[in-house]
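Each chain is listed here by its residues.
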Amino acid sequence: MRTQFPAALALALMAAAPVCAQTLAASTAAPGSERIKEVPSVSAVDPATIKPGQILFTDHRDNPTAPENGLIPYLDWQKARPAEAAALAPYPGYKEPDYTVTVNGVTKPRHETLKIYVAEGRFIVPRPPEAIDIASFANLAFVQKMDPAIKHRAVSVSDVTPNKDPAASFAKRPDRPWCEGAGACIESRYDLEGKLPLGVKLANKLEEGSAKKIAEYVSFQSELRVLGPDQGAPLKALTKVDTSVTGGLEQTIFWVNQILRFGKFLAVFQPMPNDPTKTVVTTYMALAIKGDVLDRKAEYARVPVLKNLLPAQVLMGNSSFNTGNSISAGLPVYARNRITTFADALAKR
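Residues numbered from 1 in each chain as written. Predicted model: local features only at pLDDT ≥ 70, side-chain atom pairs only at ≥ 80, totals over all residues. Heavy atoms only, no water.

1. Considerations on the side chain of Ser222
Then, number 1: With respect to the element layout, Ser222 can be found in strand S9 (residues 217-227).
Then, number 2: Judged by relative accessible area, which is 0%, Ser222 ranks as buried.
Then, number 3: One polar contact links Ser222 to Gln251, side chain to side chain, over a distance of 2.8 Å.
Then, number 4: Apart from the residues within four sequence positions on either side, Ser222 is in contact with Cys179, Ala184, Cys185, Ile186, Gln251, Thr252, Ile253 and Phe254. (Helix = DSSP H or I, 4+ residues; strand = E, 2+ residues; numbered from the N terminus. Buried < 20%, exposed > 50% of the residue type's maximum accessible area, 1.4 Å probe, protein only. Polar contact = N/O pair within 3.5 Å; in protein donor to acceptor, adjacent residues only side chain to side chain. Contact = heavy atoms within 4.5 Å.)

2. Topic: the packing of aromatic side chains
The description of two aromatic rings rests on the distance between their centres and on the angle between their planes.
Then, number 1: All chains considered together, the criterion is met by 12 aromatic pairs.
Then, number 2: Centroid distance Tyr74 to Tyr94: 5.8 Å. Interplanar angle 80°. Geometry classified as edge-to-face. Here Tyr74 is found in helix H2 (residues 74-80), whereas its partner Tyr94 is found in the loop between helix H3 (82-88) and strand S4 (98-103), with 20 residues between them in sequence. The same class applies to Tyr74 as to Tyr94, namely buried.
Then, number 3: Between Trp178 and Phe254, the aromatic rings sit 4.6 Å apart at their centres with planes inclined by 15°, giving stacked as the arrangement. Remark: Phe254 occurs in strand S10 (residues 247-256) and Trp178 occurs in the loop between helix H5 (161-164) and strand S8 (184-191); sequence separation between them is 76 residues. As far as the burial class goes, Trp178 and Phe254 line up, both buried.
Then, number 4: Its end group placed over the ring of Trp178, Arg173 keeps NZ or CZ at 5.2 Å from the ring centre. (Phe/Tyr/Trp six-rings, centres within 6.5 Å; stacked < 30°, edge-to-face > 60°. Lys NZ or Arg CZ within 6 Å of the ring centre and 35° of its normal.)

3. Regarding empty space enclosed by the protein
Then, number 1: Counting across every chain of the model gives three cavities of 30 Å³ or more.
Then, number 2: The computed volume of the largest cavity comes to approximately 60 Å³.
Then, number 3: What lines the largest cavity is simply Pro90, Tyr91, Tyr94, Pro97, Phe170, Ala171, Trp178, Phe254, Arg261 and Phe262.
Then, number 4: Its residues assigned to classes, the lining of the largest cavity comprises nine nonpolar, no polar and one charged. (1 Å grid on protein atoms, 1.4 Å probe; cavity = no way out; pocket = protein on both sides within 12 Å on 5 of 7 lines; lining within 4 Å. Points joined across faces, edges and corners; volume = space filled by probe spheres on them. Nonpolar A, V, L, I, M, F, W, Y, C, P; charged D, E, K, R; others polar.)

4. Comments concerning the nonpolar core
Then, number 1: Formed by 46 residues in total, the largest nonpolar core has its most connected members in Tyr117, Phe123, Phe269, Phe342 and Leu346.
Then, number 2: Per element, the largest residue contribution to this core is eight residues, and it comes from helix H10 (residues 331-348).
Then, number 3: With residues near it in sequence (within four places) discarded, Tyr117 still touches Phe57, Asp59, Gly70, Leu71, Met285, Ala286, Leu287, Met316, Leu331, Pro332 and Ala335.
Then, number 4: With 33 residues, the next largest nonpolar core counts Ile72, Ala85, Tyr99 and Ala288 among its residues. (Core = buried A, V, L, I, M, F, W, Y, C linked by side-chain atoms within 4.5 Å.)

5. Re the layout of surface pockets
Then, number 1: The space that makes up the second largest pocket amounts to roughly 380 Å³.
Then, number 2: Looking at the second largest pocket, it is lined by 19 residues, and the ones nearest its centre are Pro92, Leu227, Gln231, Glu250 and Lys264.
Then, number 3: Elements represented by at least two residues in the lining of the second largest pocket include exactly H3, S9, helix H7 (232-239), S10 and strand S11 (260-272).

6. Focus: the pattern of salt bridges
Then, number 1: What the rule picks out here adds up to 14 salt bridges.
Then, number 2: For Asp59, the salt bridge goes to Arg61, with nearest N and O atoms at 3.2 Å.
Then, number 3: A residue is classified by how much of its surface remains accessible, and Asp59, at 3% relative accessible area, is buried.
Then, number 4: Three or more residues joined by partner-sharing salt bridges are found here, namely Glu38, Asp59, Arg61 and Arg336. (Salt bridge = Lys/Arg side-chain N within 4 Å of Asp/Glu carboxyl O.)

7. Let's talk about H7
Then, number 1: Among all positions of H7, only Gly232, Leu235, Leu238 and Thr239 are buried. One side of H7 holds all its buried residues, which, seen down the axis, span an arc of 120°. Along H7, the residues that are exposed and aim more than 90 degrees away from the buried face are Ala233 and Pro234.
Then, number 2: Where the residues of H7 are buried, they touch H3, strand S6 (114-125), S9, S11 and strand S12 (275-290). (Arc of directions from axis to C-beta.)

8. Section: the pairing of S9
Sheet faces and side chains relate simply in a regular strand, where the side chains alternate between the two faces.
Then, number 1: Most of S9 sits inside the fold, with eight of its 11 residues counted as buried.
Then, number 2: Pairing between S8 and S9: eight bridges, direction antiparallel. Each bridged residue has a counterpart across the sheet, and for Ala184 the counterpart in S9 is Leu224. (Pairing = 2+ DSSP bridges.)

9. A word on the state of the cysteines
Then, number 1: With the rule as written, the count across this model stands at one disulfide.
Then, number 2: The residue that forms a disulfide with Cys179 is Cys185, at a sulfur-sulfur distance of 2.1 Å. Taking the torsion about the sulfur-sulfur bond, which here is approximately 75°, the covalent link between Cys179 and Cys185 counts as right-handed. Assigned by exposure class, Cys179 and Cys185 land together as buried. (Disulfide = S-S within 2.5 Å.)

Printed below as a string of structure tokens:
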């Protein structure tokens, strides 16, 4: 059955964003302020020109009012930005999922296409890399502090859905079990807020009798790990900063109950060129959205209030459903705030 209300859930997928999902305090600079400097390319700007407290930001949008501007098909992403795709995919060699679905008792193979949203930020920490304890961020306690709207709990490797459920085998890593050797293995839940629970109830009522209901929450599993200097070569190719990579922090979302297929937050730490007393931090947020969610339009016809609402509009912050400056604001505002929050956390350590 095709979901009748993907827009209600599209907003919710943003709750599954990695490590730094937190509602900003009122004192934090708002998107569009001088703290966030929009640039066509973060790597094209000399890090030495970044002002104290400033964050360079791009999410590759040149026409923000277009519904899907800033989203790129997964295969196109691999060709257009190969270093980025290699670093932000769930694992090396990742391919769009192939699995089977059963409809009315008939089992058929299915290939799932994905569209990717990537935000990139860069800022300077006025301390040398060796003075930053990256490992202190790779734990459940840090995630809990950064994500007050999302509930988290630690899980074991044996609790991980793709590791144990044959129906989720398409999401398994081919080289090791998910969470093996990770700093933290986390299961998270975000209960939909604002208008979304009512929308989900309406969608489920329209589909009474269906065995598949839309959940009023998003649940996801992720692993959090520290990346060492030994993994620096591909990360240096990604950031294009001409100093050695001293380390990184990576949270990979590998299992989500709906809408999103995977997500990743990555922070890369490098000495400032010509000034090793400072650290250049480059951050990335990537979310892979199921392509068929974005393709649905006619399904709103039976719900007058949703007739002109597209999932892409909700995701990209162009809908009347978008409010505030956090999850409900859409991916672009959300990403800016999340990167800002992570920068603030580093500044306090």
